[in-house]
There are 2 protein chains.
Amino acid sequence: MVARGQARPTLRDVAVRAGVSVSTASLVFSGKGPVAEATGERVRAAAAALGFTGPNPLASSLRHGRSGAIGVLVEGRLRMAFRDPFAIAVLDGLAEVLEAVPTGMLLIGQPRGSDDSVVLQLAPLALDAVVFSLCGPGDNPAVEHLAARGIPMFSTGVPGDRRITQVRVDERAAGVAIAEHVRSLGHQRVAHVAMPMLPTSAAGPVPDAEVQPAEANVPSVGRLLGFRDVFGPDAPAVQTGDGSSFEGGTIAGRALLDVPEPERPTAIVAQSDVIAAGVILAAEELGLRVPEDISVTGFDGVDLPWLPHRVTTMDQQGREKGRILGTLVRRRLDGERPRSVTQPALLRVGTTTAPPR
Amino acid sequence: MVARGQARPTLRDVAVRAGVSVSTASLVFSGKGPVAEATGERVRAAAAALGFTGPNPLASSLRHGRSGAIGVLVEGRLRMAFRDPFAIAVLDGLAEVLEAVPTGMLLIGQPRGSDDSVVLQLAPLALDAVVFSLCGPGDNPAVEHLAARGIPMFSTGVPGDRRITQVRVDERAAGVAIAEHVRSLGHQRVAHVAMPMLPTSAAGPVPDAEVQPAEANVPSVGRLLGFRDVFGPDAPAVQTGDGSSFEGGTIAGRALLDVPEPERPTAIVAQSDVIAAGVILAAEELGLRVPEDISVTGFDGVDLPWLPHRVTTMDQQGREKGRILGTLVRRRLDGERPRSVTQPALLRVGTTTAPPR
DNA sequence: GCATGCTATCGAAACGTTTCGAGTCGAATC
DNA sequence: GATTCGACTCGAAACGTTTCGATAGCATGC
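To keep things clear, this report deals only with the structure shown in the data block. These numbers were taken from a predicted model, which means no experiment stands behind them.

1. Quick notes on helix α11 (residues 246-257) of chain A
Helical geometry: 3.6 residues make up each α-helical turn, so side chains three or four residues apart lie on a common side. Residue and element names in this part refer to chain A. Taking 1.5 Å of rise per residue, twelve residues should cover 16 Å, and α11 covers 16 Å from first to last C-alpha, within 8% of that figure. For α11, the complete set of buried residues consists of F246, G248, G249, T250, A252, G253, L256 and L257. Buried positions along α11 lie against β6 (190-194), β8 (237-239), β9 (267-270) and α12 (273-285).

2. Describing the nonpolar core
Judged by nonpolar contacts, the single largest core of 104 residues is most densely connected at F82 of chain A together with F82 of chain B. Leaving out residues up to four positions away in the same chain, F82 of chain B has contacts with F82, I88 and L91 of chain A together with I88, L91, L107 and L134 of chain B. Listed in part, the 34 residues of the second largest apolar core include V118 and M153 of chain A together with V130 and A142 of chain B.

3. Section: the protein's contact with DNA strand D
Around DNA strand D sit 23 residues, and of these L11, S26 and R63 of chain A together with T24 and T39 of chain B come closest. Counted by atom, the contact set of DNA strand D within 4 Å of the protein is 66% sugar and phosphate. One nitrogen or oxygen atom from the side chain of K32 of chain A is found 3.5 Å from a phosphate oxygen belonging to DNA strand D. In terms of residue count, the dominant contributor to the surface near DNA strand D is helix α4 (residues 57-64) of chain A (four residues). When grouped by side-chain class, the residues that make up the surface near DNA strand D number ten nonpolar, ten polar and three charged.

4. Some thoughts on the packing of helix α9 (residues 171-184) of chain B against helix α10 (residues 219-231) of chain B
All names here are of chain B. Where α9 meets α10, the closest approach of the two axes is 7 Å, and the angle between their N-to-C directions is 40 degrees. When the axis of α9 is compared with that of α10, the two are oblique. Judged by the twist between their axes, the crossing of α9 over α10 is right-handed. Every residue of α10 that contacts α9 at E171, R172, G175, V176, A179, E180, V182 and R183 is listed here: P219, G222, R223, L225, G226, F227, D229, V230 and F231. For the contact of α9 with α10, the per-class residue count stands at eight nonpolar, three polar and six charged.

5. A word on the sheet that holds strand β7 (residues 204-205) of chain A
All names here are of chain A. Read from one edge to the other, the open sheet built from five strands follows the order β7-β8-β6-β9-β10, with strand pairing classed as mixed. Each of the sheet's edge strands pairs with one partner strand only, and the pair in question is β7 and β10 (295-297). Bridging between β7 and β8 involves two bridges; their strand directions are antiparallel. Residue pairing in the sheet places G204 in a bridge with Q239 of β8. Across the sheet, helix α9 (residues 171-184) lies against β6, β9 and β10, angled at about 170 degrees from β9, the strand it touches most. Sitting on the sheet, α12 is in contact with β6, β9 and β10, with an inclination near 160 degrees to β10.

Conventions used here
Residues numbered from 1 in each chain as written. Chains lettered and ligands numbered in written order. Predicted model: local features only at pLDDT ≥ 70, side-chain atom pairs only at ≥ 80, totals over all residues. Heavy atoms only, no water. Helix = DSSP H or I, 4+ residues; strand = E, 2+ residues; numbered from the N terminus. Expected span 1.5 Å × (residues − 1). Buried < 20%, exposed > 50% of the residue type's maximum accessible area, 1.4 Å probe, protein only. Contact = heavy atoms within 4.5 Å. Core = buried A, V, L, I, M, F, W, Y, C linked by side-chain atoms within 4.5 Å. Near = heavy atom within 4 Å. Polar contact = N/O pair within 3.5 Å; in protein donor to acceptor, adjacent residues only side chain to side chain. Nonpolar A, V, L, I, M, F, W, Y, C, P; charged D, E, K, R; others polar. Axes fitted to C-alpha atoms, helices over the stretch in contact; angles between N-to-C directions. Parallel < 35°, antiparallel > 145°, perpendicular 65-115°, else oblique. Left-handed = near helix turned anticlockwise from the far one by under 90°. Pairing = 2+ DSSP bridges.

Dropping the structure here:
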């Protein structure tokens, strides 16, 4: 029942005790190949008696060449990544599909700046695939390493390497769609709050040099391009210094709204719901009512239970995106070569937009 | 440079190409044992030429008996678990320590109700240790399985099994401390909003039968006991139906505050900051100002950037707790047998408490 | 009475490392 | 010149499975 000494029992111990060969014992646990009822029973009894809880996963993995784990690369500190409810939604959908396989998700943190340390961290890990779902723009040193190891890679748009199978949305088209909605309400002075264009971008107005039309698949860039497709290339845009964050939204909101009324935008298009929430706080701090005095839109379509508004947003259906990602991973592990897919984003009108006064 | 055909190169391929034995090649990559400079160079060159990215982790793990991954058990859907910023803080601290080893964190979801499926999910996973940090009260079927496999277990208080090494706080004492603070301000009619006493608890008033003094190590129970140590055994307490959630706090807050003024409590002691935030929303919805009309306290000491208050709370230093947890895991993997530890929780007075009017 | 087919079982060969003990060789020591 | 010592290298034996091909037993069909 309990381990004698230190060593765990092995399949061989079980086989010996049951009076069968190791291969037969293996068959009993894997369920492949025909085994007589009585034999199976004897083996299971021996296993129970020895406290054998099943074949050693490491040995089994080595034989199969599969570890049963996929890596999830997390850029920056965990606490930051997990503040983004959209990322969580994707992860949740992913887990939902992978649970059934079953495959575990191995979190791999990647603190900023330590470029090659992630490779050192990755090298000793046995992974069947890797998902980039909490990463920002820019190249990731992990991509080269994983490509060399032949580990299949998946992402939700960034990094944009062609060796990575993607579940993406047409960011620019989505940016156009929400901007159109704002314009159709009658807004003309409209500003944009973006996530950083580059990993190195500083908070503040977006420099034109950082907006490369070729990078339209990067969410921050694509959404800004879409916005400017509607409101013109000179429509004001500021970026946060830290991705999709509430604080970043608040800071940007103050900068845009704390100006004399004639210059003040009548609507702000933000690149995420969390940023939009921050902008709303900034507006309310300044005594502006949303949506009467100022309209605010978000992006993502996540639940913000603590926000007493329903943000007008582009619903990206994060959980569904995660599920699709999971399905792609599964199919890849089954030997197929699934191609990248594009998911639609849907305009969802909430309580934070109205015609200008 | 690139894989020929499908097969990845192995250490043997590298050794052959470099004209050395496999064991010597192994020495080069592991850095153990003396290797002549020239030999090492030759092996590395051969590896580069073949596109060998390092020893196969699976084989290496089998040999070492270590997988380089620790499991993190997540009760309920991922999205729910990750809504709790305290859990995230613990995870963040844990990751900080484990990154350096390096060891990955393998998330294992455990949807409610599917009692033995977690074992099925766990069985094929190679884990060096398991951390329960996002789990609620009650027994967990995974504990038996892991104990049988001899996998070291760690937790932050629950489950309370003695085979698990714990980083806990004295929940009851902490509950007393914050209640004392509220009483010292002069409050007499004080209510409590708890997390569920049992996994099966329904939202609403806490039935006496669910409050077992023996279970004082369970956070929800211990904190309530501490609260009642100060305000008496009949002080009103309601529990949420879903752990530490904003919505749960709002619902409970409405139930407690939407009553005629003479019956209304002048302070509410909540079992988490997130719940406290929900209570504050409920209060404000009813036109009550915090802290002028009603004081609200939380628990945990997490950052809620979107909340325009600094909650008075017991700071549990989640990140530090996670770091300690990580250190315990590390020491255990180094062969020590670290004992459970108790962390202090510190009263941190914010802007949500004041004397009653 | 012999080929045929099926079921149940087994031995041996992987899977790709790491580690242990042993061996080689040249330099230093007596 | 024999001995001792390091530095370096190597072969072989694990680590605990899974899988392939072979074999044995036994009934079926002619």
